[in-house]
Amino acid sequence: SLEQMDTSGMFGEMKALTKDINNIFNKAQLLEESRQEFVSNVSHELKTPITSMKVLSESLLTQSDVPAEMYREFMEDIVQEIDREAEIISDLLTLVKTDKGPDSLNKESVDMDEFMDLILKRLRPLADKRSIQLSYESFGEIHASIDKVKFTLAISNLIENGIKYNVDGGWIKVSLNSDHKNFYIKVADSGVGIPEDCINHIFERFYRVDKARSRDTGGTGLGLAITKNIIILHKGTINVYSEPGKGTTFTVRVPLGEQ
Ligand code: ADP
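Residues numbered from 1 in each chain as written. Predicted model: local features only at pLDDT ≥ 70, side-chain atom pairs only at ≥ 80, totals over all residues. Heavy atoms only, no water.

Concerning the confidence of the model for the protein
Per-residue pLDDT for the protein has a mean of 91; in total, 94% of the residues score no lower than 70. Scoring of the predicted complex yields 0.86 for pTM and 0.98 for ipTM. (pLDDT = per-residue confidence, 0-100.)

Here's the deal with the pattern of salt bridges
Pairs may arise between side chains of opposite charge once their charged atoms sit close together. Using the criterion set out here, one finds eight salt bridges in the structure. For Glu 87, the salt bridge goes to Arg 84, with nearest N and O atoms at 3.9 Å. Here Arg 84 and Glu 87 lie together in helix H2 (residues 68–97), a separation of three residues that amounts to about one turn. A relative accessible area of 28% means that Glu 87 is categorised as partly exposed. (Salt bridge = Lys/Arg side-chain N within 4 Å of Asp/Glu carboxyl O. Helix = DSSP H or I, 4+ residues; strand = E, 2+ residues; numbered from the N terminus. Buried < 20%, exposed > 50% of the residue type's maximum accessible area, 1.4 Å probe, protein only.)

Here we look at the pairing of strand E4 (residues 171–178)
Strand residues, when the strand is regular, have side chains that alternate between the two faces of the sheet. Across six bridges, strand E2 (residues 133–138) lies against E4 in parallel orientation. The residue of E4 that forms the bridge with Tyr 136 is Val 174. Looking at chain direction, E4 and strand E5 (residues 182–189) are connected through seven bridges and run antiparallel. Bridge pairing in E5 links Ile 172 to Asp 189. As consecutive antiparallel partners, E4 and E5 are separated by three residues. (Pairing = 2+ DSSP bridges.)

Digging into the nonpolar core
Among the nonpolar cores identified, the biggest contains 46 residues, and Met 112, Phe 151, Ile 159, Phe 183 and Ile 185 are the most heavily contacted of them. Contributing elements (two or more residues each) for this core: H2, helix H3 (112–129), strand E3 (143–147), helix H4 (148–164), E4, E5, helix H6 (223–233) and strand E7 (247–255). Element by element, the count of residues in this core is highest for H3, at seven residues. The residues contacting Phe 151, other than those within four sequence positions of it, are Met 112, Phe 115, Ile 146, Phe 183, Ile 185, Ile 230, Ile 231, His 234, Val 252 and Val 254. Of all hydrophobic cores here, the second largest spans five residues; its members include Met 53, Leu 56, Leu 60 and Ile 78. (Core = buried A, V, L, I, M, F, W, Y, C linked by side-chain atoms within 4.5 Å. Contact = heavy atoms within 4.5 Å.)

This is how it looks when you write it as structure tokens:
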């Protein structure tokens, strides 16, 4: 009957509405969960160096005649932990700065080739230390509207990773390219590569493939999260391709923007 049709129609609408509300609720819940997870991760990461410092200091304090050599060794370890703590805090502050809306960008028209030259010049000594050949190739003149300070950080992170996760005597090839809409920056390395089951996680905050090795090389696991934030603020994309044992290639695509 008509009456029945009405009720079933209403029922259907209500069901749809309930589904919408549930979706919104689930999204909010998910956000809340990831926020809680983030806070818990931050606390854990900040606590680790403090725990080490406490253990080191206490073992010095509880011994009566500490040999000068041992004292020195422990103090060096403590300083290392302090540096580590400072590095995490500094990366966290940067992450927060890049976690805002696109209005936070300070864009200007930039000659991309000059821009890249400067980044490579700054990082070359770091590559030289490990005898890594850092080469750069660009195609044509490219002007783009970017936030120079933030974009420098985004690209430097990629090249620094290319150095950190490389083999001594390896190579890094950086290239700059464009079409009528976008510019593309590629950073390819001959490093250790990223295992297939890890590759989907590398842009997550605090994620490190090899925590132990990353700790030695001084990684916080925030670098790629910062880079991704900056690329997204520029309405761009970042992709990664990797072959374990052979190397990794990151490709950044960013709209040229209004000149
Ligand atoms: P980290 O501070 O540890 O370098 P990142 O966010 O920059 O953190 O990178 C996350 C993880 O992704 C690293 O710990 C490393 O395991 C992996 N990774 C990033 N870049 C590369 C690369 N070029 N080659 C191999 N592994 C990489």
